[in-house]
Amino acid sequence: MVRQEGGHHIKKILYMSKNKQTKYSYSGNTKKGTSFWYDDYEDTYDYLDTYGVYTPKELESYKRTNNLYKLASVRRAIANFVQIVTTKSIPVTFATKSDSKTDGERVILSADVDDNFDVSVGLALHEGSHIVLSDFKLLAAVAKCRDTYKGAFGRITYVNNKDIENGVALSYPNPVGQLDAEMVNIIRQFPNYDKQLRSIFLSDGIIGKYGIVNDDVLDAISGITNWIEDRRIDKYIYTSAPGYRDYYTSMYDHYFNDKIVTKGIDSDEFTDEEVQSYMFRIINFLNEKTDLNKLKALRVIYRKLNLQNIDRLKSSTDALDLSIDIVATMLETIANQNGGQLPQGAGKGAGQGGSGNEGDPADVNEDDDNSEIQSEPGDNDQMGGVSGMNIEAKGKDGADDKAGAATSGDAGENRLSKNAAQQLAKKFQKQKDFLNGNIKKKSVSKDELGKLNDITESETELVRVGGDVGNRINGGVDCIVVKKLTSNLLKSDDFPFSRVDWKTKEAEVWAEDEVKRGIVLGTMLGKKLQVRSESRETIFSRLKKGKIDKRMVAALGYDNDSVFYTNEIDQFKKANLHISLDYSGSMSGRKLKRTITSVVAIVKACEMARNLNVQVSIRSTDAGRNGGKSLPYICLIHDSRRDSFKQFAKYMSILDCSNTTPEGLCFEAIAKYLIPTDNSVDSFFLNFSDGQPSYAISTKTDSISYSGNAAAEHTNKQVKKMMAGGINVLSYFITEQSEERFEHSHDWDTFKKSYGKAAKYVNVENIHQVAKTMNELFLTKPNRD
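Calculation notes
- Residues numbered from 1 in each chain as written.
- Predicted model: local features only at pLDDT ≥ 70, side-chain atom pairs only at ≥ 80, totals over all residues.
- Heavy atoms only, no water.
- Helix = DSSP H or I, 4+ residues; strand = E, 2+ residues; numbered from the N terminus.
- Buried < 20%, exposed > 50% of the residue type's maximum accessible area, 1.4 Å probe, protein only.
- Contact = heavy atoms within 4.5 Å.
- Areas by Shrake-Rupley, 256 points an atom, 1.4 Å probe, with all protein chains shown as cover.
- Axes fitted to C-alpha atoms, helices over the stretch in contact; angles between N-to-C directions.
- Parallel < 35°, antiparallel > 145°, perpendicular 65-115°, else oblique.
- Nonpolar A, V, L, I, M, F, W, Y, C, P; charged D, E, K, R; others polar.
- Pairing = 2+ DSSP bridges.
- Core = buried A, V, L, I, M, F, W, Y, C linked by side-chain atoms within 4.5 Å.
- Polar contact = N/O pair within 3.5 Å; in protein donor to acceptor, adjacent residues only side chain to side chain.
- Phe/Tyr/Trp six-rings, centres within 6.5 Å; stacked < 30°, edge-to-face > 60°.
- Lys NZ or Arg CZ within 6 Å of the ring centre and 35° of its normal.
- Salt bridge = Lys/Arg side-chain N within 4 Å of Asp/Glu carboxyl O.
- Right-handed = clockwise from strand over helix to strand, strands pointing away.
- Expected span 1.5 Å × (residues − 1).
- pLDDT = per-residue confidence, 0-100.
- Left-handed = near helix turned anticlockwise from the far one by under 90°.

**Points about the overall build of the protein chain**
Per the secondary structure count, the protein chain includes 22 helices and 17 strands. Looking at the 785 residues of the protein chain, the share that counts as buried comes to 54%. Long-range contacts, defined here as pairs at least 24 residues apart, represent 74% of the contacts in the protein chain between residues at least 6 apart. With an accessible surface of roughly 35,200 Å², the protein chain has 47% of that area assigned to carbon and sulfur atoms.

**A look at the packing of helix H7 (residues 245-255) against helix H12 (residues 418-435)**
At a minimum axis separation of 10 Å, H7 and H12 run at an interaxial angle of 135 degrees. Taken together, the axis directions place H7 and H12 in an arrangement best described as oblique. Here H7 contributes Met-251, Tyr-252, His-254 and Tyr-255 to the contact with H12, which in turn contributes Lys-427, Lys-430, Gln-431 and Phe-434. In the contact of H7 with H12, the residues fall into 4 nonpolar, 2 polar and 2 charged.

**With respect to the sheet that holds strand S16 (residues 727-733)**
Taken together, the 8 strands give an open sheet; going across it, the order is S5-S6-S12-S11-S10-S13-S16-S17, and neighbouring strands pair in mixed fashion. The two strands at the open ends of the sheet, each matched to only one other strand, are strand S5 (460-465) and strand S17 (759-760). Two elements, S5 and strand S6 (residues 477-482), share 6 bridges in a ladder whose sense is antiparallel. Bridging from a neighbouring strand, Thr-460 pairs with Val-482 of S6. Contacting strand S13 (681-689) and S16, helix H19 (residues 708-724) runs over the sheet at an angle of about 145 degrees to S16.

**Some thoughts on the nonpolar core**
Core analysis: the biggest nonpolar cluster contains 196 residues, and Leu-577 and Ile-579 have the highest contact counts within it. In contact with Ile-579, not counting residues within four places along its chain, are Val-599, Ile-602, Val-603, Val-614, Gln-615, Val-616, Ser-617, Leu-686 and Phe-688.

**With respect to the side chain of Thr-262**
As for its placement among the helices and strands, Thr-262 is situated in helix H8 (residues 259-266). For Thr-262, a relative accessible area of 19% translates into the label buried. In terms of polar contacts, Thr-262 uses its side chain to reach the side chain of Asn-287, at 3.1 Å. In contact with Thr-262, other than residues within four places in its own chain, are Asn-287 and Lys-289.

**Things to note about unusual backbone geometry**
Backbone geometry at Phe-270 places phi at a positive 55 degrees, although glycine is not the residue there. For Phe-270, the position within the fold is in the loop between H8 and helix H9 (275-283).

**Concerning the packing of aromatic side chains**
The tally for this structure, following the rule as stated, stands at 29 aromatic pairs. Ring geometry for Phe-742 versus Trp-748: centroids 5.2 Å apart, planes at 85 degrees, classification edge-to-face. You'll find Phe-742 and Trp-748 in the same group, each marked buried. Three or more aromatic residues joined by ring pairs make a cluster, and in this case those are Phe-667, Phe-685, Phe-733, Phe-742, Trp-748, Phe-751, Tyr-755 and Tyr-761. Against the face of Phe-428 rests Lys-432, its NZ or CZ located 4.6 Å from the ring centre.

**A few points about the pattern of salt bridges**
For side chains of opposite charge, pairing can occur when their charged atoms come near one another. The full count for this structure, using the stated rule, is 30 salt bridges. Across the pair Arg-146 and Asp-215 runs a salt bridge whose closest N-O atoms are separated by 3.7 Å. Separated by 69 residues along the polypeptide, Arg-146 in helix H3 (residues 136-166) and Asp-215 in helix H6 (residues 215-240) bring together distant segments of the chain. On the basis of relative accessible area, Arg-146 is assigned to the buried category, the value being 2%. Overall, Asp-215 belongs to the partly exposed group, its relative accessible area being 34%.

**Notes on the environment of Leu-730**
Summarising the element assignment, Leu-730 is placed in strand S16. For the pair Leu-730 and Val-719, spaced 11 residues apart in the sequence, the C-alpha separation amounts to 9.8 Å. Other than its neighbours up to four places away in sequence, Leu-730 contacts Phe-685, Leu-686, Asn-687, Ala-758, Lys-760, Thr-773 and Leu-777.

**Some details on the pairing of strand S11 (residues 612-621)**
Burial runs high along S11: 9 of the 10 residues are buried. The parallel pair strand S10 (residues 574-582) and S11, bridged by helix H16 (residues 590-608), forms a crossover whose chirality is right-handed. Looking at chain direction, S11 and strand S12 (residues 632-639) are connected through 7 bridges and run antiparallel. Across the sheet, the residue bridging to Arg-619 is Ile-634, located in S12.

**Notes on H6**
Look at H6: 37 Å from first C-alpha to last across 26 residues, which is about the 38 Å you get at 1.5 Å a residue. Of all 26 residues that make up H6, 21 are buried, and the element is covered over most of its length. The N-terminus of H6 is capped by Asn-214, whose side-chain oxygen sits 3.2 Å from the backbone nitrogen of Asp-216.

**A few points about helix H5 (residues 194-201)**
Gln-196, Leu-197, Ser-199, Ile-200 and Phe-201 are the residues of H5 that are buried. Here the buried face of H5 lies against H3, helix H4 (175-187), H6 and helix H11 (316-336).

**Focus: the pairing of S5**
Of all 6 residues in S5, 6 are buried, a share of seventy percent or more. Burial along S5 is two-sided: Thr-460, Leu-462 and Arg-464 and Glu-461, Val-463 and Val-465, pointing in opposite directions, are all buried.

**Some words on the confidence of the model for the protein chain**
Looking at the protein chain as a whole, its pLDDT mean stands at 78, while 74% of the residues score no less than 70. For the protein chain, strand S1 (residues 24-26) is the element with the lowest average pLDDT, namely 33, and helix H17 (residues 645-652) is the one with the highest, namely 96. Note on residues 624-628: pLDDT is under 50 here. Beyond four places in sequence and across chains, it has 15 contacts.

**Looking at the packing of H3 against H4**
Pairs of packed helices are described in terms of their axes, by the angle between the two and the distance that separates them. The geometry of H3 relative to H4 is characterised by a closest axis approach of 10 Å and an angle of 150 degrees between their N-to-C directions. When the axis of H3 is compared with that of H4, the two are roughly antiparallel. Considering only the axes of H3 and H4, their crossing is right-handed. Residue-level contacts link Cys-145, Thr-148, Tyr-149, Ala-152, Phe-153, Arg-155, Ile-156 and Asn-160 of H3 to Pro-175, Gln-178, Leu-179, Glu-182, Met-183, Ile-186 and Ile-187 of H4. The residue inventory of the contact of H3 with H4, partitioned by class, reads 10 nonpolar, 3 polar and 2 charged.

**Details of the environment of Ala-141**
With respect to the secondary-structure elements, Ala-141 resides in helix H3. Separated by 53 residues in the primary sequence, Ala-141 and Asp-194 have C-alpha atoms spaced 10.0 Å apart. In contact with Ala-141, not counting residues within four places along its chain, are Phe-190, Tyr-193 and Leu-197.

**Quick notes on the environment of Ile-108**
Structurally, the position occupied by Ile-108 is in strand S4 (residues 107-109). Of the residues examined, Ile-108 reaches a relative accessible area of 1% and is grouped as buried. Taking C-alpha positions, Ile-108 is 9.9 Å from Arg-75, a pair spaced 33 residues apart along the chain.

What follows is the structure in structure tokens.
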């Protein structure tokens, strides 16, 4: 929108036409900035409505736990945004009951971030940018001086009032001088900000000369400083990272751009010459209905701000200087309107025209949430005048600078209804709270924060899978992907693969013997897999070109020109092996013990090879503690590029199987973490499974069924995708049936449908059979069929 010549409003100039902005429906909310990257699926858990085995309380707790995965994912995304914009690794955490205010070191998010994602991103980016660009030492200095000032003034006034009541000489006959003396001692602690603090808190300062500085004036200085600081910071971000403007727009729409505010700006509310009126009008300067003739000094203040050149301010100190100048102009105008004196409540305190309330002992140590100049976001699309706004708003009649402001006594005044005025007052308070960092943030409990930290530490995320299975899984299902097993997660009630002793709170060790046997077998197997680290040189002689063979030089005299040779070195590339283990309940007992021994042996052998990295993942469904089935779950328990074999052996002695087998769903979830074959690495995928992909949840409204041919076909599709990426696949069939019987079993038929030519049956404890199939795998060129 562009201002018409002769118009009277400051118009919003949008960076992108609103009718062109993408609207993205996500959980019933409109999301603009996230539409290009946020996964396109519903985040509800409607399919978890009821299991029959869960009580409503247990089910609600379960949903809450799963929602923490969402919160952790969102926090990770926002932390990435903050790091990109600020180029610094700034911690991002969630609010708790005792900790919800960004402190200059961390960005603290509200726990309802997923409901207001764009708003939360905008706020996080802004808080992060203030951590980088704002001077929090200045903020702390002003806060301490403010607290000291209020406390000293309250004490001095209280003591003098008591003296008057008792008819004795005043303890402080020169209260202003006493207050100055105490403030000088405090200000000396902050020599870098001496000028600014003296201007505010001493009686001969630019602000102090108008009398005792009451809360209204201190709030105005804080709020306007923060508003100016926001304009300065926002211009920097808007210039350096324009792609994030949509997040800022959403944030300011949420906190500042409101219909009732616009109505208030256009009305004759807040037109009395007092501090609160100026505060309301100034922090809403960027509203399209702003009229600079509503108050006497608005136009002068607007020119002092010079928003289109706000980047002339290089520091928080510059912002405070400008704020002090603006508040001084405001106070001078208010005083002039009242015969050279400030009215009660407009700037003077008790004993100098004020109400005297500051002298109440209850005020001496009062906690003041607005005592800090918190750097918080500002307004809408015109951050700091970046929009190029270079005009001044004129009055409704097009009058010039000499036009008088409308007052409450003017004829034809435009006042809001009582209800609308109350709504405006609430919105104005919300804006002031926003500027001072007092933003209400939904908190998480201590227990939830612990789980969130576990999720973050283990790099856990939700991946939507199974969308192509058909009507058996409507819209897909979330798979929990844990990229790093940690000690804390291992002991968590939400981790499905370990048993925790209720007394010691430690995970129980149960498979030490199987692990020890695997280490012994692995040492033997490692010697049989050394072929990948060997190289072979072949020399081809008696050639007509190449390098001269010194032994054949004499043959040149006999017209023999075949005296050259070449050599070829046959050496394998580096290799990466991903081992995926079926840890469903059907693998329990002998099958799991044999698998543990074999896998430990293979990882030990890979450790002995010089050019072979290995990862191990286990898969099933998450904590069905009460017999219920829930989400597919896959956990990367070992990565030789970062983890020690000793740690892996410890984990393998603890991990236990449970629940069902969402085979292909888990493969789909980790597809992006598998390393495709390229010119520098060969990749292999080794699977251990007992045959039947199976996963189901029955609810009141829906049924997820993943089994039989449909599940086998989906699993086979994921295997083919791996092969298409150049990954060689080998899948071991684990069974307790004899060799004569298993080939006729339904499990083996389903296994072959799932893995095709990659399906193999071997005795996984027979080191010779394992070595044979592994070497066949390692020496085979990538199969992309």
